[in-house]
Protein chains: 2
Amino acid sequence: MSQQPVPVPDGLVDAFWEYERALMADDLPTLDRLFAPGASTLRGDANGLLVGHDQISAFRGGRGGAPKRRIVQTHVQTIDRDHALVVAITELERGGRGQQTQLWARTRDGWKVTAAHVATAAPALDTRVWRLVGDPLVEPLGHGDLDGETVAVKDLYAVRGQRIGAGNPAWLDEARVEPVHARAVELLLEAGAAVRGIARTDEFAYSLAGANTHTGTPPNPKAPHRISGGSTSGSASAVSLGHATIGLGTDTGGSIRVPAAYQGLFGIRTTHGAASTYALLPLAPSFDAVGWLTRDAGLLRRVGEVLLPPAPRNPRHDLVAVPGLIRMAEDDVAAVVDGFAADHGAMRESWDLADLSLWLQAFQTVQAWEAWRERGGWLTGRLDTLGADVRGRFEAASLIDDDRADAARGVLAGARERILDLLGDRVLVLPSASSVAPLLGQGLQAVRDATMGLTCLAGIAGLPAVSLPRSTRQGLPTGVCLVAAPGRDRDLLDLAADLG
Amino acid sequence: MSQQPVPVPDGLVDAFWEYERALMADDLPTLDRLFAPGASTLRGDANGLLVGHDQISAFRGGRGGAPKRRIVQTHVQTIDRDHALVVAITELERGGRGQQTQLWARTRDGWKVTAAHVATAAPALDTRVWRLVGDPLVEPLGHGDLDGETVAVKDLYAVRGQRIGAGNPAWLDEARVEPVHARAVELLLEAGAAVRGIARTDEFAYSLAGANTHTGTPPNPKAPHRISGGSTSGSASAVSLGHATIGLGTDTGGSIRVPAAYQGLFGIRTTHGAASTYALLPLAPSFDAVGWLTRDAGLLRRVGEVLLPPAPRNPRHDLVAVPGLIRMAEDDVAAVVDGFAADHGAMRESWDLADLSLWLQAFQTVQAWEAWRERGGWLTGRLDTLGADVRGRFEAASLIDDDRADAARGVLAGARERILDLLGDRVLVLPSASSVAPLLGQGLQAVRDATMGLTCLAGIAGLPAVSLPRSTRQGLPTGVCLVAAPGRDRDLLDLAADLG
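Note that the structure is predicted; figures quoted are calculated from it, not measured.

1. With respect to the environment of Ala405(B)
Residue and element names in this part refer to chain B. Checked against the element boundaries, Ala405 lands in helix α13 (residues 402-423). Take Ala405: its relative accessible area is 0%, and that puts it in the buried class. Counting along the chain gives 43 residues from Ala405 to Ala362, while the straight-line C-alpha distance between them is 7.9 Å. Once residues within four sequence positions are removed from consideration, Ala405 is found in contact with Thr365, Val366, Trp369 and Ile400.

2. Let's talk about the domain arrangement of chain A
What the domain assignment lists for chain A is domain 1 (12-119) and domain 2 (125-500). Using C-alpha coordinates to define each centre, domain 1 of chain A is positioned 40 Å away from domain 2 of chain A.

3. With respect to the packing of helix α8 (residues 297-307) of chain B against helix α15 (residues 489-499) of chain B
All names here are of chain B. Look at α8 against α15: their axes get within 8 Å of each other, and the N-to-C directions meet at 160°. Considering the angle they form, α8 stands roughly antiparallel to α15. The way α8 lies across α15 gives a crossing that is left-handed. Across the interface between the two elements, Ala297, Leu300, Arg301, Gly304 and Glu305 of α8 pack against Arg490, Leu493, Asp494, Ala496 and Ala497 of α15.

4. Points about the interface of chain A and chain B
Each side of the interface is counted separately: chain A has 64 residues, and chain B has 64 residues. Note on chain A versus chain B: buried area summed over both sides is about 4,800 Å², and carbon and sulfur give 59% of it. Linking chain A with chain B are four salt bridges, by the criterion used here. We note a salt bridge from Glu91(B) to Lys222(A), for which the minimum N-O separation is 3.9 Å. Residues that form the side of chain A that touches chain B fall into these classes: 27 nonpolar, 21 polar and 16 charged.

5. Section: the pairing of strand β8 (residues 150-154) of chain B
Residue and element names in this part refer to chain B. When you tally the buried positions in β8, you get five out of five residues, the bulk of the element. Side chains of β8 alternate between two faces, with Thr150, Ala152 and Lys154 and Val151 and Val153 buried alike. Summarising the sheet, β8 and strand β9 (residues 194-199) pair through five bridges and their orientation is parallel. What sits directly across from Val151, in β9, is Val195. Examined bridge by bridge, β8 and strand β10 (residues 246-251) share three bridges and lie parallel to one another. When the bridges of β10 are listed, Ala152 appears paired with Gly247.

6. Some remarks on the relation of the copies chain A and chain B
Mapping chain A onto chain B leaves a residual RMSD of 0.0 Å; the transformation is a rotation of 180° accompanied by 0.0 Å of translation along its axis. Overall, the copies show the geometry of a two-fold rotation axis. Both copies share a contact surface, since 100% of the interface residues of chain A are interface residues in chain B too.

7. What to know about the pattern of salt bridges
This structure, assessed with the given rule, holds 59 salt bridges over all chains. In this structure, the salt-bridge partner of Arg200(B) is Asp135(A), at a minimum N-O distance of 2.6 Å. Remark: Asp135(A) occurs in strand β7 (residues 130-138) and Arg200(B) occurs in the loop between β9 and α6 (233-240); the pair is interchain, linking two chains. Residue Arg313(A) is joined to Asp494(A) by a salt bridge in which the shortest nitrogen-to-oxygen separation is 2.3 Å. One end of the pair, Arg313(A), is in the loop between α8 (297-307) and β13 (319-321); the other, Asp494(A), is in helix α15 (residues 489-499), with 181 residues separating them in the sequence.

8. Section: the confidence of the model for chain A
Note: predicted coordinates in regions of low pLDDT should not be interpreted at a detailed level. Averaged over every residue, the pLDDT of chain A is 96; residues scoring 70 or more account for 99%. Two numbers describe this predicted complex: its pTM, 0.96, and its ipTM, 0.95.

Rules and cut-offs
- Residues numbered from 1 in each chain as written.
- Chains lettered and ligands numbered in written order.
- Predicted model: local features only at pLDDT ≥ 70, side-chain atom pairs only at ≥ 80, totals over all residues.
- Heavy atoms only, no water.
- Helix = DSSP H or I, 4+ residues; strand = E, 2+ residues; numbered from the N terminus.
- Buried < 20%, exposed > 50% of the residue type's maximum accessible area, 1.4 Å probe, protein only.
- Contact = heavy atoms within 4.5 Å.
- Domains from an automatic or database assignment.
- Axes fitted to C-alpha atoms, helices over the stretch in contact; angles between N-to-C directions.
- Parallel < 35°, antiparallel > 145°, perpendicular 65-115°, else oblique.
- Left-handed = near helix turned anticlockwise from the far one by under 90°.
- Buried area = accessible area lost by both parts, 1.4 Å probe.
- Salt bridge = Lys/Arg side-chain N within 4 Å of Asp/Glu carboxyl O.
- Nonpolar A, V, L, I, M, F, W, Y, C, P; charged D, E, K, R; others polar.
- Pairing = 2+ DSSP bridges.
- Least-squares fit on C-alpha atoms with pLDDT ≥ 70 in both.
- pLDDT = per-residue confidence, 0-100.

Below, the structure is given as structure tokens:
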């Protein structure tokens, strides 16, 4: 490094300002030209790092312009006549300042940015994750095993003094102020936890994506530019981001397990009926189960000690894996679950999967019939308030007559017996979701169906299921799911704490 | 720029990891050694840019260690054998990911960082600025001139369904849930604004610093590493950061004008009694006035149309400046106010300042006597709950007997006459605060007294005062204050909109 002041290289200042003007004009061809071509160009911001000119260009094409700003300070570190670092302080029209660090290199085609790091003032709250947040929003009601912990409450649980929003602004508008806490919230508060805030959910919890049409998709910090998973989307992202330590949610057909897998979190869906659903807005009461997510297995278990009823313990947990079920996941995920099963001595067992698609259909039918029974009255005349995917599901649900629902219930009764039979007092090893988190903007219906083929098993039989965070070879989060017989929640939590 | 993959220079990887280990161990000598010496070394994060090795070293010495993290990705752009950019993705133990961009240069003493840009996941809410925040916290109650605007409510105003915290956790613990909105809050909601959240204040508004001992000092984006100003500290920072467009506050002895000046915002303290203080927790009712801050003068005026009573208008506003008052400010600030007065043809007039320190003392005496009358009952036995500066003020206040307060009131009656006499129907040009925002960690008592010597004039006479944002030659925010006769709030708001 030279100790002498070094002049700013020729042409750099012009290139810098050309870039700034193009950014403000959202002039994509100029921006593309001023970023270095190739696979090693970098651009990072609070939503993650983009690697390679193509990713950066695609991002710019999709965002509809950068926030308006002006440059209020620049600092240039000249490296040589062809390279310099430019640090700029920006002042945003919407308020707050930011910093932009760019490495520029002179090529035959002129000056190009090879790496950019962009930061702006964070918003008051990340509205993709939260509807309300406080320091805390609700103080603890006692002291206990959860002293110092903070809870992100899915916007389906009653919080005294607040309304339930259920992910839909029209519902929120009409909602009453809740007179009491949901029982699950109250138990957490009594054990010493504080409520950090009320977190976003997919509308009426009727999705596994987290892509709420009104409030956007919460970020997935371990898999940037990919969906969060849902419907416990806000709670999961809040935990991933370190905004809360406990993400309280629900799981009807995978709404805890899927975001746990996509974001690399621990999660549990409890035995149907084991943890209180008092003052929880239902989706499909026959399947709805309380669940939560954490970043460590010890805390996952401690929450269970607070929310779960006492139960006889069974230290046996022989693992069993059905290769046909594992193969329902994409190869990268299946490889992780296969490896887990092998490492932990799971017995491999074949199991007749011929009826699985029938079971899934029956599960979705009864779920839909119940969802319409719960929400149909309110939604009649208000379907327009829903995002396209959730609306489509409710519209289909409205067409299911009682006979079809009854027939589906018959199918599920048989399925339940088969599933309990497979399990016995063993623990089934499964993929938590059929794939890693899809990229933002990707179609999601096929992913949903593939994942529900796996997650519906615990839903159908009301079984507890924990998801353990693992990584694919590509370094993306995925989940290994452990499913046990009803009431064995605490056994699973012990197992999760052992296996980590 | 080379199109060939370039090998990572010798020794860089070792230096990178040495730095990372030193950071995790808070090994200050090693960190100092691995940052390039000299005045051009840069380190930026969400709190602003530090320039020069000394500033960076002082920052590290004061922060008590970096958040625990691990490196999960690195990308190296080799510039030549002595220079490389290293971009690292970090995963924080507390949750969330970050990005660190470093430019490294090889010197005779080995590899050194010449520039670093550090970003981590933003917290759920900035607890220095906010106690509660929502999307929104309170929906508008109507439509009007403030449609689309968002309000940061100082934690002294009642918000229905919430408690008043007054900047003191013990007070908050015992506070009731408010049954109605403060009148000022209600009027803003009826005019279409939403409440974004409840913003921090100095304890019981009894400070001009914003350095709340319990929740820290809100950031000052336009003057990084400097105090926010108070006591309307959180509301002011919320507006600066773009978290809200309107910062609702109070001004007893400068609590709007000082943060406006320190942060480069527009602010108004209204005529005493003109805007409703219903359901506002008082500090010193004889002086407490409603006020607000914005980033533009047009909005400052629109809020006035909502909160102020109708009043006869007077388009005359001859400016007058008292050189002796301007000279009470530090030179950089005085130069700005002098320039403003000259640019706008203010008449220069001398005025007898001999009694000014007596007036200030009398103002502080009556303020203290009233503050103790308001809060003394609750504070008795609870003085320990206060930060040192506010505690000292309340302790002194508790010693003021009625005779001393009466005598001070007599002084203020005379002062009031003299001030109104100076004004007539003119507008007095003053510094809003005696200095730019002091650096964090600096002693504040002298600054407070110097500023109050200026701000007490409007306080004593119950006058409206607007603060216009200006910059010193060093580029730091400061404020020009315009003070008029009681009831001329709207005239001042027009003038502010004209002069910008």
